[in-house]
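In case you want the letters, here they are:
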Amino acid sequence: MSPASRYTYLGPEGTFTEAALHTLPEAATRQLTPMVSVPAALDAVRSGEAQAAFVPIENSVEGGVTATLDELASGTPLMIYREVLLPIAFALLVRPGTALGDVKTVTGHPVAQPQVRGWLGANLPDALWESAASNADGARLVQEGRYDAAFAGEFAAATYGLEPLVTDIHDAENAVTRFVLVGRPARPAAPTGADKTSAVFWLRTDHPGALLEVLQEFAARGVNMMRIESRPTGEGIGRYCFSVDCEGHVQDRRVGDVLMGLKRACREVRFLGSYPRADEQAPTLREGTADGDFVAAADWLTRCLDGRG
């Protein structure tokens, strides 16, 4: 298949990322290629070797996936086109014949540890945890005999010749991981009425109230921020950029106005796309912030300039 029909994803086979990717209808017609890391998956898109990459970006327990946030904030720009929400529950995968008392070492992705820490403390308090590149890679390491058990999706057991010793493990009920389909920049899809817009911004100067001034761009226009996280820029201690998601589409007047405000106020702004919300929840608009309100205000200003105000 050509690069135009290839999707990369955080591998190896058997990851939650792969499971989430298969929920996209177009996945059935694409060549799905596992990659060793989030940067590798995204670099394949940047180089033109793949049409899109599918990677985790946020977890309801642990927060943002830093590898993805940092990659989207640096390098050649990319855009988010879709998102998927996947409920997460872990299984403790072991080699056949292993009992719970035999488990002395466990592994899994670093994001998995906070989601099973309570269960580990109650059931395997003396087990040594070491992180793996992914949950599926942890399963592979158990298959190779390097660890006694891995926290991964139950569906990964068959791929690696393991058995689920314990299933449905999660400290937090209704834990969810959010995944995004990322491609090269292009015109965003048309608004659906239930959309999300993502961006990264860098403050122009570091002074008291600098972040507040930027956040007021959202508040003044009634745009609800769904997530904001600071990430170090590598320029020195205390130097951060901010990754944000907000309700709405760039074609919505209130959201476009916010982005223009950010562009005026910030040293740099990177638009990461507007795309349908996976939960299909339409925003509740504050009075005076609908598109018609912006049009009416612009018309009023025109009349003022013409002496008809």
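Residues numbered from 1 in each chain as written. Predicted model: local features only at pLDDT ≥ 70, side-chain atom pairs only at ≥ 80, totals over all residues. Heavy atoms only, no water.

**Here's the deal with the overall build of the chain**
A count of helices and strands for the chain gives nine helices and 15 strands. Burial statistics for the chain: of 309 residues in total, 47% are counted as buried. Counting only contacts in the chain whose residues sit at least 6 apart along the sequence, the fraction spanning at least 24 positions is 76%. For the chain, the computed accessible surface area is about 14500 Å², with 52% contributed by carbon and sulfur atoms. Taken as two groups, the 28 positive and 39 negative side-chain charges of the chain have centres that lie 8 Å from each other. (Helix = DSSP H or I, 4+ residues; strand = E, 2+ residues; numbered from the N terminus. Buried < 20%, exposed > 50% of the residue type's maximum accessible area, 1.4 Å probe, protein only. Contact = heavy atoms within 4.5 Å. Areas by Shrake-Rupley, 256 points an atom, 1.4 Å probe, with all protein chains shown as cover. Lys, Arg positive; Asp, Glu negative; His and termini not counted. Charge placed at Lys NZ, Arg CZ, Asp CG, Glu CD.)

**Topic: the sheet that holds strand β12 (residues 195–203)**
The strand order β13-β14-β12-β15 describes an open sheet built from four strands, whose pairing is antiparallel. At either margin of the open sheet sits one strand with a lone partner, and together these are β13 (225–232) and β15 (266–276). The sheet shows a mean angle of 15° between the axes of neighbouring strands, direction not considered. Bridge count for β12 against β15 is nine bridges, and the pairing is antiparallel. (Pairing = 2+ DSSP bridges. Axes fitted to C-alpha atoms, helices over the stretch in contact; angles between N-to-C directions.)

**Considerations on the UniProt feature "domain: Prephenate dehydratase" (unreviewed entry) in the chain**
The UniProt entry lists residues 6–184 under the feature "domain: Prephenate dehydratase" (unreviewed entry), expressed in the numbering used here. The span residues 6–184 shows a helical share of 26% and a strand share of 34%, and its end C-alpha atoms are spaced 13 Å apart. (UniProt positions renumbered as here; feature names shortened; annotations may be inferred.)

**Re the packing of aromatic side chains**
Inspection of the entire model under this criterion finds six aromatic pairs. Ring geometry for F16 and F90: centres 5.4 Å apart, planes at 85°, overall edge-to-face. With F16 in helix α1 (residues 16–21) and F90 in strand β6 (residues 90–94), this residue pair connects regions lying 74 residues apart in the sequence. Taking relative accessible area as the criterion, F16 reaches 9% and is therefore assigned buried. Aromatic side chains F16 and F155 sit 5.5 Å apart centroid to centroid with 90° between the ring planes, which places their arrangement in the edge-to-face category. (Phe/Tyr/Trp six-rings, centres within 6.5 Å; stacked < 30°, edge-to-face > 60°.)

**Quick word on the sheet that holds strand β9 (residues 149–152)**
Spatially, the five strands line up as an open sheet ordered β8-β7-β9-β6-β10, and their pairing is mixed. On the outer flanks of this sheet lie β8 (128–131) and β10 (163–169), each paired with one strand and no other. Pairs of neighbouring strands in the sheet enclose a mean axial angle of 25°, with direction left out of account. Direction of pairing for strand β7 (residues 105–108) relative to β9: parallel, over a ladder of two bridges. When the sheet's bridge partners are listed, T107 is paired in β9 with A150. The strands that helix α5 (residues 135–143) touches are β6, β7 and β9; relative to β9, the one it contacts most, it runs at about 160°.

**Brief notes about the side chain of R270**
Summarising the element assignment, R270 is placed in strand β15. Within the buried core, R270 has no salt-bridge partner, and the shortest N-O distance to an opposite charge, that of E268, equals 4.7 Å. A polar side-chain atom of R270 sits 3.2 Å from the main-chain carbonyl oxygen of L72. A polar contact of 2.9 Å, which involves the side chain of R270, links it to the backbone oxygen of G75. Setting aside residues no more than four positions away along its own chain, R270 makes contact with L72, A73, S74, G75, T76, P77, A199, V200 and W202. (Salt bridge = Lys/Arg side-chain N within 4 Å of Asp/Glu carboxyl O. Polar contact = N/O pair within 3.5 Å; in protein donor to acceptor, adjacent residues only side chain to side chain.)

**Observations regarding helix α3 (residues 66–73)**
Every buried residue belonging to α3 is among T68, L69, E71, L72 and A73, and all of these are buried. Note on α3: the residue one or two positions beyond its end, G75, has a positive phi of about 70°.

**Considerations on the pairing of β6**
Of all five residues in β6, five are buried, a share of seventy percent or more. As defined by bridge partners, β6 adjoins β10 across four bridges and the pair is classed as antiparallel. The residue bridging V94 from the neighbouring strand is E163, located in β10.

**Here's the deal with helix α8 (residues 253–265)**
With 13 residues, α8 extends 18 Å from end C-alpha to end C-alpha; this agrees with the ideal 18 Å at 1.5 Å per step. All of the buried residues in α8 are R254, V255, G256, V258, L259, G261 and L262. Turning to α8, the residues buried within the fold contact β12, α7 (210–220), β14 (240–247), β15 and α9 (291–305). (Expected span 1.5 Å × (residues − 1).)

**Examining empty space enclosed by the protein**
Tallied over the entire structure, the rule returns one cavity of 30 Å³ or more. The computed volume of the largest cavity comes to approximately 30 Å³. If you list the elements that add at least two residues to the lining of the largest cavity, you get α3 and β14. (1 Å grid on protein atoms, 1.4 Å probe; cavity = no way out; pocket = protein on both sides within 12 Å on 5 of 7 lines; lining within 4 Å. Points joined across faces, edges and corners; volume = space filled by probe spheres on them.)

**Quick look at a nonpolar patch on the surface**
There is a patch of nonpolar side chains on the surface, built from W300, L301 and L305 and spanning about 360 Å² of accessible area. Relative to the assigned elements, L301 resides in helix α9. L301 sits in the partly exposed class, given a relative accessible area of 45%. (Patch = residues over 30% accessible without salt bridge, like charges linked within 9 Å, V, L, I, M, F, W, Y side chains within 5 Å.)

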